[in-house]
Amino acid sequence: MKNSTYNPYVTERIHRFDNTLYGVCYSAPFMYCKQEAENLLNGNNIIALHNQLPDAPELIVIPLAGNILTMFIQSPENYPMLQADNVRLAIDYQGLLQGGAPLLALAKHFLFWLCDVASPGTEWKKITAFPFSGVVLSEQFFNDNYQKFSFPFLMESLKEREADVILRTSQLSLSSDRYQQLQLNGWQQQRASGSIF
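A quick note: this is a predicted structure, and the numbers were derived from the prediction, not measured.

A. Geometry of the overall build of the protein. Counting its regular elements, the protein contains seven helices and eight strands. When the 197 residues of the protein are sorted by exposure, 46% land in the buried category. When the accessible surface of the protein is summed, it comes to about 10,200 Å², and 50% of that surface belongs to carbon and sulfur atoms.

Below is the structure:
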């Protein structure tokens, strides 16, 4: 079944630093508009990306926030396709707080990424208590911190957890080798200003 509701322009591509496609991330503002129903996914087919890309990506990242996150937490059994090995559910720090213990319980069955790591008022112990499989750094956070003494310690703590670390930016400003030295796994090509939520 062709998925005509979602076109390729609602995604941001994630690349490794050798420029191979690593995954795609849906942009929440576009994902949840013009739906035929109030379901999180259109006909359970949003992850059938063979309709949109010539090569299937390794990862598909789907942002969850606000009411959509609430719906997911209340009825996770409605979304078994989101348990696929190549699917990651992206939340921000506010989503982590909103989800609380029920979201933590779902982390046994679903894989989560954290976006926008250091929002104002962040309590690091709440982040470290959640088993994120990946982290997406904003361009501003990266530019403000990558030269600081503490940055390698942050990266090392994420690597110890075996978390993917992705930079979300409109274009790369450093060499690919430099990003790899900083222990980033890849970068997400930002298509619009602001958060993916």
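B. Broad picture of unusual backbone geometry. One non-glycine residue, asparagine 19, lies in the positive phi region at around 75°. As for its position among the elements, asparagine 19 is in the loop between strand S1 (11–15) and strand S2 (21–26). For glutamine 183, which is not a glycine, the phi torsion comes out positive at approximately 70°. Within the element layout of this structure, glutamine 183 appears in the loop between helix H7 (176–181) and strand S8 (186–189). Classification of glutamine 183 by relative accessible area gives partly exposed; the value is 28%.

C. View of the packing of aromatic side chains. Counting across every chain of the model gives 10 aromatic pairs. Ring centres of phenylalanine 17 and tyrosine 179 lie 5.0 Å apart, and the angle between their planes is 5°; this geometry places the pair in the stacked category. One end of the pair, phenylalanine 17, is in the loop between S1 and S2; the other, tyrosine 179, is in helix H7, with 162 residues separating them in the sequence. Of the residues examined, tyrosine 179 reaches a relative accessible area of 1% and is grouped as buried. Measuring from ring centre to ring centre gives 4.7 Å for phenylalanine 142 and tyrosine 146, while their planes differ by 5°; the resulting arrangement is stacked. Just as phenylalanine 142 is buried, tyrosine 146 falls in that class too.

D. Spotlight on the nonpolar core. If you look at the biggest cluster of nonpolar residues, it comprises 43 residues, and the most contacted ones within it are Phe72 and Phe112. Ignoring anything within four residues of it in the chain, the contact list for phenylalanine 72 reads Leu64, Tyr79, Leu82, Leu89, Leu106, Phe110 and Phe112. Residues Ala90, Cys115, Val136 and Ile166 belong to the second largest nonpolar core, which totals 11 residues.

E. Representation of the sheet that holds strand S6 (residues 134–138). Strand order in the closed barrel formed by eight strands is S1-S2-S3-S4-S5-S6-S7-S8, with mixed pairing between adjacent strands. In this sheet, neighbouring strand axes are inclined to one another by 25° on average, regardless of whether the strands run parallel or antiparallel. Pairing of strand S7 (residues 164–169) with S8 involves four bridges; the strand directions are parallel. Paired with leucine 167 across the two strands is tryptophan 187, which belongs to S8.

F. Representation of the pattern of salt bridges in the model. With the rule as written, the count across this model stands at three salt bridges. With a closest N to O distance of 2.9 Å, glutamate 58 and arginine 16 form a salt bridge. Taken together, the residues span a long stretch of sequence, with glutamate 58 in the loop between helix H1 (28–31) and strand S3 (59–63) and arginine 16 in the loop between S1 and S2 at a distance of 42 residues.

G. Quick look at the pairing of S6. Taking burial as the measure, the five residues of S6 include four buried ones, the bulk of the element. Where S6 meets S7, five bridges bridge the pair, whose relative direction is parallel. Its bridge partner being in S7, glycine 134 is matched across the sheet by aspartate 164.

About the cut-offs
Residues numbered from 1 in each chain as written. Predicted model: local features only at pLDDT ≥ 70, side-chain atom pairs only at ≥ 80, totals over all residues. Heavy atoms only, no water. Helix = DSSP H or I, 4+ residues; strand = E, 2+ residues; numbered from the N terminus. Buried < 20%, exposed > 50% of the residue type's maximum accessible area, 1.4 Å probe, protein only. Areas by Shrake-Rupley, 256 points an atom, 1.4 Å probe, with all protein chains shown as cover. Phe/Tyr/Trp six-rings, centres within 6.5 Å; stacked < 30°, edge-to-face > 60°. Core = buried A, V, L, I, M, F, W, Y, C linked by side-chain atoms within 4.5 Å. Contact = heavy atoms within 4.5 Å. Pairing = 2+ DSSP bridges. Axes fitted to C-alpha atoms, helices over the stretch in contact; angles between N-to-C directions. Salt bridge = Lys/Arg side-chain N within 4 Å of Asp/Glu carboxyl O.

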